[in-house]
Amino acid sequence: MLITKPVVIMELPETLNRETAQKFLLELQPLLESHRPRIVLDCSHVHYIDGSGVEMLLQCLEEAMKRDGDLKLCAVSPESEVILEFLRVERVFEVFLTSEDAVRSFSAIPAEAVSQDAPFYAGLFGEVQPLKQAS
Amino acid sequence: MLRAGVNAITLLGDSCYAPFRDDVDQAATSFPLKWGDDAWLGATRILRRHKEPGIDVTFLVRAAAYVDLDPLDALQFHRGQQQVVTRAFNEEGPLDIWVIDTARVTESDDILATLSEYEPAQYAVRGYVNRLEGPHDLRRLVVDSLNSRCRLRPQGSETRPGVWVDEGAQVHRTARIVPPAFLGRKSKIEEQCLITRCSNVESNCQIDYGTVVEDSSILSNSYVGIGLDVSHSIVNGNQLLNLERDVTLEIQDPGMIRRNAIQLKEANLQSADAFGWEEFDLCAGPGRGKARAGFR
């Protein structure tokens, strides 16, 4: 049986510079060291983020992924988006409009939601032959 | 204006811009700028002075919009209309360009009274007009210039089609400049950089290792750090304006962007003969930015 851990939402401070980033990282550390951490960072209050702040976010993401978890961002302000783009890291994070959307994205797709019918393209190719036979 | 046969040009500046006088004076070596409390009062004095040597027509231009104006055509129109004042217009409305019959202006009038007293003839500008009302317009002017949509041309030489490089600019052999682009005087493009999509890097700028500048303007004396992505933006010292999101940021981290202080000092020691985009306050409201041309 697979038991999924809850998703933890944390609010980032208004200013994310070297000092506040280190403080925030200390708070987040126990969670990052757990098995499969699932974290959403709410950026709605962030007004200023500098290189150290972005570095901290990357460090958290790396830690979470090392333990088979993930870290996602939500409610990113245009100002923060500009900085993330400027530092070329905007593609690294999954970003959601709201924390609900971010939490929902952690849920695995239930098996019953996946169609058991043949895919739409099956008719186009006929019966798929084993690779060796086909070649 | 000189090419059109205008034989006396006076530049006037309000004293509120005096902090920038070094930059402006450098740009105007041929026509030193005269500073006064109020440029309009200065213009009145100049207009009166023009009456004495018999200068019959004066062009009055407020440095606001960029206009591709044909002065001879405007002059002919003015003479044909037989009005005291002719004002240039385009489809968006009046422009701050007037042609004034110097001889018919009374001694007592100041220039603003003259302009409001006489119903002006309306001269329709057929050429390119950019009202430079904000940073978006500044960027549009650069793009239009690099794409030859107006008469403004980048300074320096066209080292290959569409790439304009001004004197003393350095480009590392591993950097890539995709035309059209402009590199200003003494600018430095470091290893692995990419300058692309109508970007202009103005004088005394440094773009550091691996940074991409795409569809952006880097204004004079700015440093852009290592491995950054500047897209759809204007950088002025430590200010970054993203035009797509309309967001202006003042970045405190000097490793990212900053005013290029050392080179600025060098620049002030030189007698600049070039025009460079300069000191465009990205936080200023529409029309309040002070742009200067990196183009001639």
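The rules behind the values
- Residues numbered from 1 in each chain as written.
- Chains lettered and ligands numbered in written order.
- Predicted model: local features only at pLDDT ≥ 70, side-chain atom pairs only at ≥ 80, totals over all residues.
- Helix = DSSP H or I, 4+ residues; strand = E, 2+ residues; numbered from the N terminus.
- Buried ≥ 20, exposed ≤ 12 C-beta atoms within 10 Å, placed from the backbone.
- Contact = placed C-beta atoms within 7 Å.
- Nonpolar A, V, L, I, M, F, W, Y, C, P; charged D, E, K, R; others polar.
- Pairing = 2+ DSSP bridges.
- Domains from an automatic or database assignment.
- Axes fitted to C-alpha atoms, helices over the stretch in contact; angles between N-to-C directions.
- Parallel < 35°, antiparallel > 145°, perpendicular 65-115°, else oblique.
- Expected span 1.5 Å × (residues − 1).
- Arc of directions from axis to C-beta.

Caption draft 1: Spatial organisation of the overall build of chain B. Looking only at helices and strands, one finds six helices and 25 strands in chain B. Relative to its 296 residues, chain B shows a buried fraction of 39%.

Caption draft 2: Molecular detail of the overall build of chain A. Within chain A one finds six helices and six strands. Each helix and strand of chain A, placed in order from N terminus to C terminus, yields the pattern β-β-α-β-β-α-β-α-β-α-α-α. A burial count over chain A gives 28% of its 135 residues as buried. Within chain A, contacts between residues separated by at least 24 positions form 80% of all contacts whose residues are at least 6 apart in sequence.

Caption draft 3: Region of interest: the interface of chain B and chain A. Facing 14 residues of chain B, the contacting portion of chain A comprises ten residues. No other element matches strand β21 (residues 229–231) of chain B, which puts three residues into the side of chain B that touches chain A. Split into classes, the residues belonging to the side of chain B that touches chain A amount to six nonpolar, five polar and three charged.

Caption draft 4: Quick peek at the sheet that holds strand β11 (residues 170–171) of chain B. Residues and elements named next belong to chain B. Read across the sheet, five strands follow the order β11-β14-β17-β20-β25 without closing on themselves; strand pairing throughout is mixed. Sheet topology places β11 and β25 (257–259) at the edges, where each strand pairs with a single neighbour. As paired strands, strand β20 (residues 222–224) and β25 are joined by three bridges and run antiparallel to one another. Across the sheet, residue Ser-222 finds its bridge partner in β25, namely Arg-259.

Caption draft 5: Spotlight on unusual backbone geometry. Residue and element names in this part refer to chain B. For the bond running from Pro-179 to Pro-180, omega is -5°, close enough to zero to count as cis. As for its position among the elements, Pro-180 is in the loop between β12 (176–177) and β13 (181–183). One non-glycine residue with positive phi stands out, namely Ser-148, at about 55°. By secondary structure assignment, the location of Ser-148 is in the loop between α5 (135–146) and β9 (157–160).

Caption draft 6: Just the environment of Leu-132 of chain B, in detail. As for its position among the elements, Leu-132 of chain B is in the loop between β8 (129–130) and α5. Put simply, Leu-132 of chain B and Val-224 of chain B are 92 residues apart on the chain and 25 Å apart in space, counted from C-alpha to C-alpha.

Caption draft 7: A look at the domain arrangement of chain B. All names here are of chain B. The domain boundaries assigned to chain B delineate domain 1 (11–130) and domain 2 (135–269). Relative to domain 2, the C-alpha centre of domain 1 lies at a distance of 33 Å. Taken together, the contacts link five residues of domain 1 with nine residues of domain 2. Looking at the side of domain 1 that touches domain 2 residue by residue, the class counts come to two nonpolar, one polar and two charged.

Caption draft 8: The packing of helix α1 (residues 18–32) of chain A against helix α2 (residues 51–66) of chain A, seen in detail. Residues and elements named next belong to chain A. Their axes nearest at 9 Å, the elements α1 and α2 cross at an angle of 10°. Viewed along their axes, α1 and α2 adopt a mutual orientation that is roughly parallel. Of the residues in α2, those touching α1 at Arg-18, Ala-21, Phe-24, Leu-25, Leu-28 and Leu-32 are Ser-52, Gly-53, Met-56, Gln-59, Cys-60, Glu-63 and Ala-64. Classifying every residue of the contact of α1 with α2 by side-chain character gives eight nonpolar, three polar and two charged.

Caption draft 9: Expanded view of the sheet that holds strand β5 (residues 70–74) of chain A. All names here are of chain A. Reading across from one edge, β1-β3-β5-β6 is the order of the four strands in this open sheet, with parallel pairing throughout. Pairing within the sheet leaves two strands with one partner each, and these edge strands are β1 (8–11) and β6 (94–96). Adjacent strand axes in the sheet meet at a mean angle of 30° when their direction is disregarded. Relative to β6, β5 is paired through three bridges, and the arrangement is parallel. Bridging across to β6, Leu-73 finds its partner in Val-95. Together, β3 (38–42) and β5 form the strand contacts of α2, whose direction differs from that of β5 by roughly 140°.

Caption draft 10: Highlighting the environment of Pro-94 of chain B. Residue and element names in this part refer to chain B. Structurally, Pro-94 is set in strand β6 (residues 93–101). It is 20 Å that separates the C-alpha atoms of Pro-94 and Val-57, two residues lying 37 residues apart in sequence. Beyond its immediate stretch of four places on either side in the chain, Pro-94 contacts Arg-87 and Phe-89.

Caption draft 11: Highlighting the environment of Ala-102 of chain A. Residue and element names in this part refer to chain A. Within the element layout of this structure, Ala-102 appears in helix α4 (residues 99–104). Judged by C-beta crowding, with 24 C-beta atoms within 10 Å, Ala-102 ranks as buried. Residues Ala-102 and Val-40, spaced 62 residues apart in sequence, show a C-alpha to C-alpha distance of 6.6 Å. Excluding residues that lie within four positions of it along the chain, Ala-102 makes contacts with Val-40, Lys-72, Cys-74 and Phe-96.

Caption draft 12: Here's a closer look at helix α2 (residues 39–51) of chain B. Residue and element names in this part refer to chain B. Given a rise of 1.5 Å per residue, 13 residues ought to cover 18 Å, and the 19 Å separating the end C-alpha atoms of α2 matches this to within 8%. Within the span of α2, buried status applies to Ala-39, Ala-43 and Leu-47. Each buried residue of α2 sits inside an arc of 85° when the element is viewed along its axis, so together they form one side. Residues of α2 that are buried sit in contact with β1 (11–14), β2 (33–36), β3 (57–61), β6 and α4 (111–117).

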